[in-house]
Amino acid sequence: MGMLDATAARVAAGATVEFRPTGNSMVPLIRSRDSVRVGPAEPAALEVGDIVLARVAGTVYLHLVSAVDPSRRRVQISNNRGRVNGWTGYDRVYGLCTAVEGRPRPGTAGKLKAAPGSS
């Protein structure tokens, strides 16, 4: 199990996590080893441009939502360089990136799952 797989499991269980992903597919939004904060996503609230932690065809990515298909309960995931990873169901979208290097990501309000026991 890779680092993103373990992180996805924690977020799917309800945790908000901070970690430093590696790679250059999301530059300039996220640079390799930038600190990111990811919390449990409410997939039905996602929009194009949101950065999510999601599993596509067996691989976990921290990539962009590039299209939404609410009628089929799925989103398309792509990197920031034009490569489409594919479509994935809401059940495989684990988290939403809410901050990069301590800077809040715009447009994330109302897109996180409510914590258990909160109203």
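As the structure is a prediction and not an experimental result, all values here were calculated from the model. (Residues numbered from 1 in each chain as written. Predicted model: local features only at pLDDT ≥ 70, side-chain atom pairs only at ≥ 80, totals over all residues. Heavy atoms only, no water.)

Engineer: Mind laying out the layout of surface pockets, listing which residues take part and the relevant values?
Structural biologist: Over the atoms, a rolled probe matching the size of one water molecule traces out where space is still vacant. Estimated volume of the largest pocket: approximately 160 Å³. With 4 residues, strand 4 (residues 59–69) is the single largest residue contributor to the lining of the largest pocket. Within the lining of the largest pocket, the residues separate by chemical class into 7 nonpolar, 5 polar and no charged. (1 Å grid on protein atoms, 1.4 Å probe; cavity = no way out; pocket = protein on both sides within 12 Å on 5 of 7 lines; lining within 4 Å. Points joined across faces, edges and corners; volume = space filled by probe spheres on them. Helix = DSSP H or I, 4+ residues; strand = E, 2+ residues; numbered from the N terminus. Nonpolar A, V, L, I, M, F, W, Y, C, P; charged D, E, K, R; others polar.)

Engineer: Give me the lowdown on the pattern of salt bridges, citing residues and values where you can.
Structural biologist: Enumeration over the complete set of coordinates arrives at 7 salt bridges. For aspartate 50, the salt bridge is made with lysine 111, and the minimal N-O distance between the two is 3.0 Å. In this pair, aspartate 50 sits in the loop between strand 2 (36–40) and strand 3 (51–56) while lysine 111 sits in the segment after strand 8 (103–104), placing the two residues 61 residues apart along the sequence. Of the two residues examined, aspartate 50 and lysine 111, each falls in the buried class. Measuring nitrogen to oxygen at the nearest pair gives 3.7 Å for the salt bridge that ties arginine 92 to aspartate 91. A cluster of three or more residues bridged by salt bridges with shared partners is formed by Glu47, Asp50 and Lys111. (Salt bridge = Lys/Arg side-chain N within 4 Å of Asp/Glu carboxyl O. Buried < 20%, exposed > 50% of the residue type's maximum accessible area, 1.4 Å probe, protein only.)

Engineer: Please give an account of the pairing of strand 5 (residues 74–78) that cites residues and values.
Structural biologist: For strand 5, the buried fraction is high: 5 of the 5 residues fall into the buried class. Of the two faces of strand 5, the one lined by Arg74, Gln76 and Ser78 and the one lined by Val75 and Ile77 are each fully buried. Pairing analysis gives 5 bridges linking strand 4 to strand 5, with the strands arranged antiparallel. Its bridge partner lying in strand 5, valine 65 is registered against isoleucine 77. Strand direction decides the pairing type here: strand 5 and strand 6 (residues 84–89), joined by 5 bridges, are antiparallel. Residue pairing for strand 6: valine 75 is matched across the bridge by threonine 88. Connecting the antiparallel pair strand 5 and strand 6 is a turn made up of 5 residues, with glycine 82 showing a positive phi of about 95°. (Pairing = 2+ DSSP bridges.)

Engineer: Report on helix 1 (residues 3–12), specifying residues and quantitative values.
Structural biologist: Of the residues making up helix 1, those classed as buried are Thr7, Ala8 and Val11. Looking straight down helix 1, one finds that the buried residues subtend no more than 100° of arc, so they occupy a single side. Here the buried face of helix 1 lies against strand 1 (17–19), strand 2, strand 3, strand 4 and strand 7 (93–100). The first or second residue beyond helix 1 is glycine 14, which carries a positive phi of 110°. (Arc of directions from axis to C-beta. Contact = heavy atoms within 4.5 Å.)

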